[in-house]
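Listed here are the chains, written in short residue letters.
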Amino acid sequence: EDKVVQSPLSLVVHEGDTVTLNCSYEVTNFRSLLWYKQEKKAPTFLFMLTSSGIEKKSGRLSSILDKKELFSILNITATQTGDSAIYLCASLGADGLTFGKGTHLIIQP
Amino acid sequence: EAGVAQSPRYKIIEKRQSVAFWCNPISGHATLYWYQQILGQGPKLLIQFQNNGVVDDSQLPKDRFSAERLKGVDSTLKIQPAKLEDSAVYLCASNSADRGELGYTFGSGTRLTVV
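Cut-offs and rules
Residues numbered from 1 in each chain as written. Chains lettered and ligands numbered in written order. Predicted model: local features only at pLDDT ≥ 70, side-chain atom pairs only at ≥ 80, totals over all residues. Heavy atoms only, no water. Disulfide = S-S within 2.5 Å. Helix = DSSP H or I, 4+ residues; strand = E, 2+ residues; numbered from the N terminus. Buried < 20%, exposed > 50% of the residue type's maximum accessible area, 1.4 Å probe, protein only. Polar contact = N/O pair within 3.5 Å; in protein donor to acceptor, adjacent residues only side chain to side chain. Contact = heavy atoms within 4.5 Å. Buried area = accessible area lost by both parts, 1.4 Å probe. Salt bridge = Lys/Arg side-chain N within 4 Å of Asp/Glu carboxyl O. Nonpolar A, V, L, I, M, F, W, Y, C, P; charged D, E, K, R; others polar. Pairing = 2+ DSSP bridges. Axes fitted to C-alpha atoms, helices over the stretch in contact; angles between N-to-C directions.

Colleague: Please clarify how the state of the cysteines should be interpreted in this entry.
Modeller: Disulfide: a covalent bond connecting the sulfur atoms of a pair of cysteines. Residue and element names in this part refer to chain B. Counting across every chain of the model gives two disulfides over all chains. For C23, the disulfide goes to C92, at an S-S distance of 1.9 Å. Across the S-S bond of C23 and C92 the torsion is about -70 degrees, and the bridge reads as left-handed. A residue pair is termed long-range when its members are at least 10 positions apart, and C23 in strand β3 (residues 19–24) and C92 in strand β9 (residues 88–95) qualify at 69 residues. Residues C23 and C92 agree in their burial class; the two are buried.

So this is what it looks like as structure tokens:
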């Protein structure tokens, strides 16, 4: 059974801080790893990673995948209160899309 | 492009009652998914349709949950009878084969509370 583990489960930081969210996975027939931001109900897509060592970047967010060690990180620099959300990591493999429990990130002003 | 539409947005029912959720995917998306997201957890796949056929329903509690996508477009998910532990957000997502993983689009979900 495919498994995705995220850490930390929750994180409270101050505006302007940099955060790193972790995601490890055990997936049969791994195809890709995806990051989503969930603010109210619908997860919205952030990144898709398929190759090791290639950083994906979008504004203050960036992510990288290590297929040897089976993990990914999501970095957010200069955090803002609007970054407060649940960040979901999901792997795509033989079992389809498997989600982690998410990291609940709270940015305090 | 219009997103994935779901209704109702909220539903409160008593245990042992029945409830149905509706999802209309993005036009042209052949693949439709229903996920259950219990508070504090990531979404868990309940069922996957490809057009009007079921691809994966291995995690669907079939004694009480059912889903259909008769014409290969919109879909309904039913719970009958509901239990307290069914309280969750039910997310619908759709995807088109040509976009692969990038095409996953989620609806806003239905928050179900069973009392």
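Colleague: Please explain the side chain of S75 of chain B as it appears in this structure.
Modeller: Residues and elements named next belong to chain B. Inspection of the secondary structure puts S75 in strand β8 (residues 75–79). Overall, the relative accessible area of 1% leaves S75 in the buried class. Looking at S75, its side chain comes within polar contact range of the side chain of W34, at 2.9 Å. For S75, the residues in contact, after removing those within four places along its chain, are F21, W22, C23, L32, W34, F49, E68 and R69.

Colleague: Is there a simple way to explain the interface of chain B and chain A in this structure?
Modeller: Quite often, the size of an interface is put as the accessible area lost when its parts meet. Contact residues are listed per partner, giving 19 residues for chain B and 16 residues for chain A. The contact between chain B and chain A buries some 1,500 Å² in all, and 60% of this surface belongs to carbon and sulfur atoms. Linking chain B with chain A are zero salt bridges, by the criterion used here. For the side of chain B that touches chain A, the elements supplying multiple residues, two or more each, are β4 (31–37), β9 and β11 (110–114) of chain B. Looking at the side of chain B that touches chain A residue by residue, the classes come out as eight nonpolar, eight polar and three charged.

Colleague: Honestly, the sheet that holds strand β1 (residues 5–7) of chain B in this entry has me stumped. Any pointers?
Modeller: In sheet architecture, strand pairing relies on hydrogen bonds along the backbone and comes in two forms, parallel and antiparallel. All names here are of chain B. Overall, antiparallel pairing links the four strands, which are arranged β1-β3-β8-β7 in an open sheet. On the outer flanks of this sheet lie β1 and β7 (65–68), each paired with one strand and no other. Adjacent strand axes in the sheet meet at a mean angle of 15 degrees when their direction is disregarded. Strand direction decides the pairing type here: β7 and β8, joined by four bridges, are antiparallel. Counted as the bridge partner of A67 is L77 from β8.

Colleague: Hey, could you run me through the pattern of salt bridges in this one?
Modeller: Residues and elements named next belong to chain B. In this structure the tally under the stated criterion is four salt bridges over all chains. For R64, the salt bridge goes to D86, with nearest N and O atoms at 2.5 Å. Of this pair, R64 sits in the loop between β6 (53–56) and β7 while D86 sits in the loop between β8 and β9, and the two are 22 residues apart along the sequence.

Colleague: How should I be thinking about the sheet that holds strand β8 (residues 71–76) of chain A in this particular structure?
Modeller: Residues and elements named next belong to chain A. Spatial ordering of the open sheet is given by β1-β3-β8-β7-β6, a layout of five strands whose pairing is antiparallel. A strand with exactly one partner marks an edge of an open sheet, and here the two such strands are β1 (3–7) and β6 (56–58). Averaged over all pairs of adjacent strands, the angle between their axes in this sheet comes to 15 degrees, without regard to strand direction. Strand direction decides the pairing type here: β1 and strand β3 (residues 19–26), joined by five bridges, are antiparallel. Looking at the pairing, V4 lines up with Y25 of β3.

Colleague: Explanation requested: the pairing of strand β5 (residues 44–50) of chain B in the structure shown.
Modeller: Side-chain direction in a regular strand flips from residue to residue, so the side chains alternate between the two faces of the sheet. Residues and elements named next belong to chain B. Most of β5 is tucked away, with five of its seven residues classed as buried. Where β4 and β5 come together, six bridges link them in antiparallel fashion. Residue pairing across strands places Y33 opposite Q48, the latter belonging to β5. Remark: six residues form the turn of the hairpin made by β4 and β5, two consecutive strands paired antiparallel; G40 in that turn has positive phi of roughly 85 degrees. As judged from the three bridges shared by β5 and β6, these two strands associate in the antiparallel manner.

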